[in-house]
Amino acid sequence: MKEYNITIIATNNPKIIKLEANHFLVKGNYEYKNIDEAKNSPLAQQLFYLPFIKTVYIASNFVALERYDIVTWDDVKADVAQQLVEYLNAGEPVVNEEDVQKKQPITVYAEVTPNPSVMKFVCNKRIVPSTYEFKNIDEAKDAPLAKELFHLPFVKEVFMDENYVSVTKYDVADWEEINMQLREFIRDFLADGKDVVTAEALQKTEKSKQQEKASISYDDISLQIIDILEEYVKPAVASDGGNIQFQSYEEESGTVSVILQGACSGCPSSTFTLKNGIETMLKNMMGDKIREVVALNG
């Protein structure tokens, strides 16, 4: 039997918190404004017995809760998280998804990226809780969507984050020939309610994050760099179908090393972006502590 853990995550809206689980909870997205709307969700019904709960949103591996003003989250969030852990570990149902129509209303549209070999396919729902990058079909054994994409002869690499899939193609194919096929393939896969990544992949990701936190102790400058990358750089990079990760900072040389993933990996314009975007930003914000930014392809 799965053992659930819950992580409390603040959001930009002070009235809403996110309770993230270490296992998938549901395949679809569900929003409930009151207990009557929550007929197919025993968990949401349970949460509405708390007098300060205004809205319950359940998707993928998290539950988001909106509160009324009678309390602050600082006063009650720990108790709510504990109740959720106990509920899930008791094996109680989250949403009776068999009561929900099997085919989900999924839309997928294609976006070009600065990398001519990569196309970004954006979905109208969150499909993965974290970033996943696959260079070949062997690496995709715990990711059914990526594994099936690799069966297409023109798919070279697959990168997934939040609500999109970036596909790197081999040069033998033109996007005009395969764009529609890929878009419909991804849409049909998601509409059938199939798992994009398995529970095992989710567990590995969570374990990897915990091990990284436990094994790596960043200095103050590195932490500042990470904050700047998270707040200013990652959203822009994600919009181009890629991801950037902090690798290291060398104080003596003032060199910052980062890892580029997805559309950014091997992109002809990535050097320009590094030198004229990220490097300039870090120099402006951190002064002479930063002399150079170098990239490693993921």
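Just so it is clear, the model here is predicted, and its values are computed rather than measured.

Undergrad: Teacher, can you tell me more about the sheet that holds strand β9 (residues 155–161) here?
TA: Hydrogen bonds between backbone groups are what pair the strands of a sheet, and the pairing can be parallel or antiparallel. With antiparallel pairing, five strands are arranged side by side in an open sheet as β6-β7-β10-β9-β8. What marks the edges here is a single partner per strand, and that holds for β6 (108–112) and β8 (132–134). Adjacent strand axes in the sheet meet at a mean angle of 20° when their direction is disregarded. The pairing of strand β7 (residues 118–123) with strand β10 (residues 164–169) spans five bridges and is classified as antiparallel. Opposite Val-122, over in β10, you have Tyr-164 as the bridge partner. Strand contacts of helix α4 (residues 175–191): β6, β7, β9 and β10, with the helix running at about 30° to β7, the strand carrying the most contacts.

Undergrad: Would you mind going over the packing of aromatic side chains with me for this structure?
TA: Each aromatic ring pair is specified by the distance between its two centres and by the angle formed by the two planes. According to the stated counting rule, one finds four aromatic pairs in the structure shown. With 6.1 Å between their ring centres and 85° between their planes, Phe-52 and Trp-73 make a pair best called edge-to-face. Of this pair, Phe-52 sits in the loop between α1 (42–48) and β4 (53–59) while Trp-73 sits in helix α2 (residues 73–89), and the two are 21 residues apart along the sequence. On the numbers, 6.3 Å between centres and 40° between planes, the contact of Phe-159 with Tyr-164 is tilted. In this structure Tyr-164 comes out as buried when scored by relative accessible area, which is 3%. For Lys-18, the ring lying beneath its charged end belongs to Phe-62, and the centroid distance is 4.6 Å. Over the ring of Tyr-164 we find Lys-120; its NZ or CZ atom is 4.5 Å from the centre of that ring.

What counts and what doesn't
Residues numbered from 1 in each chain as written. Predicted model: local features only at pLDDT ≥ 70, side-chain atom pairs only at ≥ 80, totals over all residues. Heavy atoms only, no water. Pairing = 2+ DSSP bridges. Helix = DSSP H or I, 4+ residues; strand = E, 2+ residues; numbered from the N terminus. Axes fitted to C-alpha atoms, helices over the stretch in contact; angles between N-to-C directions. Contact = heavy atoms within 4.5 Å. Phe/Tyr/Trp six-rings, centres within 6.5 Å; stacked < 30°, edge-to-face > 60°. Buried < 20%, exposed > 50% of the residue type's maximum accessible area, 1.4 Å probe, protein only. Lys NZ or Arg CZ within 6 Å of the ring centre and 35° of its normal.

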